[in-house]
Amino acid sequence: MADAHSPSLPPILLVGCGKMGGAMLEGWLAEGLAPSVIVDRHRDTLPAPHRLVRDVADLPADFRPGLIVLAMKPQKVAAAIAAIAPFAAHAPVLSVLAGRTVGGLTDALRAHMPAGAHPVVIRSMPNTPAAVGEGMTVSYAPPHATAAQRALCDRVLSAIGRTAWVEHEPEIDVVTAISGSGPAYVFLLAELLEQAGVEGGLPPALARQIARQTVSGAGVLMQRSGIDAEQLRRNVTSPGGTTQQALSVLMAPDAWPATLRAAVRAASRRARELAS
Ligand SMILES: NC(=O)C1=CN([C@@H]2O[C@H](COP(=O)(O)OP(=O)(O)OC[C@H]3O[C@@H](n4cnc5c(N)ncnc54)[C@H](O)[C@@H]3O)[C@@H](O)[C@H]2O)C=CC1
Ligand SMILES: O=C(O)[C@@H]1CCC=N1
């Protein structure tokens, strides 16, 4: 099979190219890194020369990826694991599946491999800003992963944003609830600001423009200035002014502090449930 991978990287097999796999692919393509082969049942097209295969079972047995990225829904992995196992004999598996543990995926792969096989699964939690190179991915590697396997994953992930590693796997469930799901909370903020603008009498197009630019402008300011979020918030809050009035509503103990904490706990709990 012809490979369309970057010459300095081994061939990458991306299994699942939906919202998250697709965001990673977009980010990689913008950086000139490309998976060699993408497996997805529902994608019709990909920019040439990327190779699209419908099912892992359709991959030629002699294909030798250097990295296998799993990006299907956690509930869909079981059906694909037997077909992935032969490739995992030669390459680490980088899973971005919410909840699914290194131990669970490793055992599932081993059940389809010769006795004594030691597949390496590295668990990562990216987010969709990866599509524009602004992702945040946190990863966990089990002790038997080699430094080279870890470095390969970090290289591939740092092409689409920032990376960090944790030493304790359960932390990935908390990461999932903050940076994995977090873009949705921020987009919800933009949606709600837009709605509030319309309800306040603004033309819808203007409400949309100011909501979007406020969220993205605040994000860029936070990133470029490096100033703490708290200080940036204080910089907007004039004593006795408008922001202080709004924040007295949002920062009431039973408002955002309580609801965001509850939201993150609910998402972490769901990540733990998705383990099995
Ligand atoms: N959407 C997000 O923001 C994030 C998602 N994730 C994780 O990424 C994974 C994928 O999530 P989404 O992209 O949102 O889901 P999605 O449903 O958009 O994409 C999954 C893709 O996998 C494909 N697929 C399913 N079974 C397959 C198989 N056997 N072989 C090949 N392809 C197969 C589907 O056709 C689909 O296009 C999940 O495990 C999720 O936990 C992680 C971080 C963020
Ligand atoms: O909602 C989910 O389960 C996935 C994981 C993090 C973001 N999306």
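Residues numbered from 1 in each chain as written. Chains lettered and ligands numbered in written order. Predicted model: local features only at pLDDT ≥ 70, side-chain atom pairs only at ≥ 80, totals over all residues. Heavy atoms only, no water.

### Concerning the domain arrangement of the chain
Then comes step 1: Domain boundaries in the chain define domain 1 (12–172) and domain 2 (182–274).
Then comes step 2: The C-alpha-based centres of domain 1 and domain 2 are spaced at 32 Å.
Then comes step 3: Facing the ten residues of domain 1 at the interface are five residues of domain 2.
Then comes step 4: Where domain 1 abuts domain 2, roughly 530 Å² becomes buried across the two surfaces, and 51% of that area is made up of carbon and sulfur atoms.
Then comes step 5: Where domain 1 touches domain 2, the interface holds zero salt bridges.
Then comes step 6: Linking domain 1 to domain 2 there are two residue pairs in polar contact (both at pLDDT 80 or more).
Then comes step 7: Here the side of domain 1 that touches domain 2 is composed, by residue class, of three nonpolar, four polar and three charged. (Domains from an automatic or database assignment. Contact = heavy atoms within 4.5 Å. Buried area = accessible area lost by both parts, 1.4 Å probe. Salt bridge = Lys/Arg side-chain N within 4 Å of Asp/Glu carboxyl O. Polar contact = N/O pair within 3.5 Å; in protein donor to acceptor, adjacent residues only side chain to side chain. Nonpolar A, V, L, I, M, F, W, Y, C, P; charged D, E, K, R; others polar.)

### Details of the nonpolar core
Then comes step 1: Counting residues in hydrophobic clusters, the biggest one holds 35 residues, and the most contacted among them are V15, L59, I68, L70, I84 and L109.
Then comes step 2: Contributing elements (two or more residues each) for this core: strand 1 (12–15), strand 2 (37–39), strand 4 (67–70), helix 2 (77–88), helix 3 (102–110), strand 6 (121–125), strand 7 (135–140) and helix 5 (171–180).
Then comes step 3: When residues in this core are grouped by element, the largest group, seven residues, is from helix 2.
Then comes step 4: Not counting the four nearest positions on each side in its chain, V15 is found in contact with V39, V56, I68, V69, L70, A71, M72 and I84.
Then comes step 5: By size, the runner-up hydrophobic cluster in this structure holds 29 residues, among which are V96, V120, I122 and L152. (Core = buried A, V, L, I, M, F, W, Y, C linked by side-chain atoms within 4.5 Å. Buried < 20%, exposed > 50% of the residue type's maximum accessible area, 1.4 Å probe, protein only. Helix = DSSP H or I, 4+ residues; strand = E, 2+ residues; numbered from the N terminus.)

### Notes on the state of the cysteines
Then comes step 1: Summed over the entire model, instances satisfying the criterion amount to zero disulfides.
Then comes step 2: Here C17 is not disulfide-linked; the sulfur of C153 is the nearest cysteine sulfur, at 18 Å. (Disulfide = S-S within 2.5 Å.)

### Points about the site of ligand 2
Then comes step 1: Around ligand 2, the neighbouring residues are A98, G180 and S181.
Then comes step 2: About the coverage of ligand 2: the protein hides 47% of its 240 Å² of free accessible area. (Near = heavy atom within 4 Å. Areas by Shrake-Rupley, 256 points an atom, 1.4 Å probe, with all protein chains shown as cover.)

### Looking at the packing of helix 5 against helix 6 (residues 182–199)
Then comes step 1: As a packed pair, helix 5 and helix 6 sit with axes 5 Å apart at the nearest point and diverge in direction by 30 degrees. Put simply, helix 5 runs roughly parallel to helix 6. Listed contacts from helix 6 to A177, I178, S179 and G180 of helix 5 are G182, P183 and Y185.
Then comes step 2: Split by residue class, the contact of helix 5 with helix 6 holds four nonpolar, three polar and no charged. (Axes fitted to C-alpha atoms, helices over the stretch in contact; angles between N-to-C directions. Parallel < 35°, antiparallel > 145°, perpendicular 65-115°, else oblique.)

### Remarks on the site of ligand 1
Then comes step 1: Near ligand 1 lie 22 residues; those nearest to it are K19, M20, D40, H42 and M72.
Then comes step 2: In the environment of ligand 1, an oxygen atom lies 2.9 Å from a nitrogen or oxygen atom belonging to the backbone of A98.
Then comes step 3: When ligand 1 is considered free in solution it has 830 Å² of accessible area, and contact with the protein chains removes 85% of it.

### Notes on the pattern of salt bridges
Then comes step 1: Applying the stated rule across the entire model yields four salt bridges.
Then comes step 2: Between R123 and E169 there is a salt bridge, with its nearest N and O atoms 2.9 Å apart. With R123 in strand 6 and E169 in the loop between strand 8 (161–165) and helix 5, the pair connects residues that are 46 residues apart, well separated along the chain.
Then comes step 3: Under the relative-accessibility criterion, R123 is labelled buried at 2%.
Then comes step 4: In this structure, D173 and R123 form a salt bridge, with 2.8 Å as the shortest nitrogen-oxygen distance. Of this pair, D173 sits in helix 5 while R123 is found in strand 6, placing the two residues 50 residues apart along the sequence. The burial state of D173 is the same as that of R123; both residues are buried.
Then comes step 5: Residues joined in a network through salt bridges with shared partners are R123, E169 and D173.

### Let's talk about the sheet that holds strand 3 (residues 51–53)
Then comes step 1: With respect to topology, eight strands assemble into an open sheet ordered 3-2-1-4-5-6-7-8, the strand pairing being mixed. What marks the edges here is a single partner per strand, and that holds for strand 3 and strand 8. Each strand axis lies, on average, 25 degrees off the axis of its neighbour in the sheet, ignoring direction.
Then comes step 2: By the bridge criterion, three bridges tie strand 2 to strand 3 in an arrangement that is parallel. If you follow V37 over to strand 3, its bridge partner there is R51.
Then comes step 3: Along the sheet, helix 5 contacts strand 6 and strand 7; its crossing angle with strand 6, the most-contacted strand, is approximately 35 degrees. (Pairing = 2+ DSSP bridges.)

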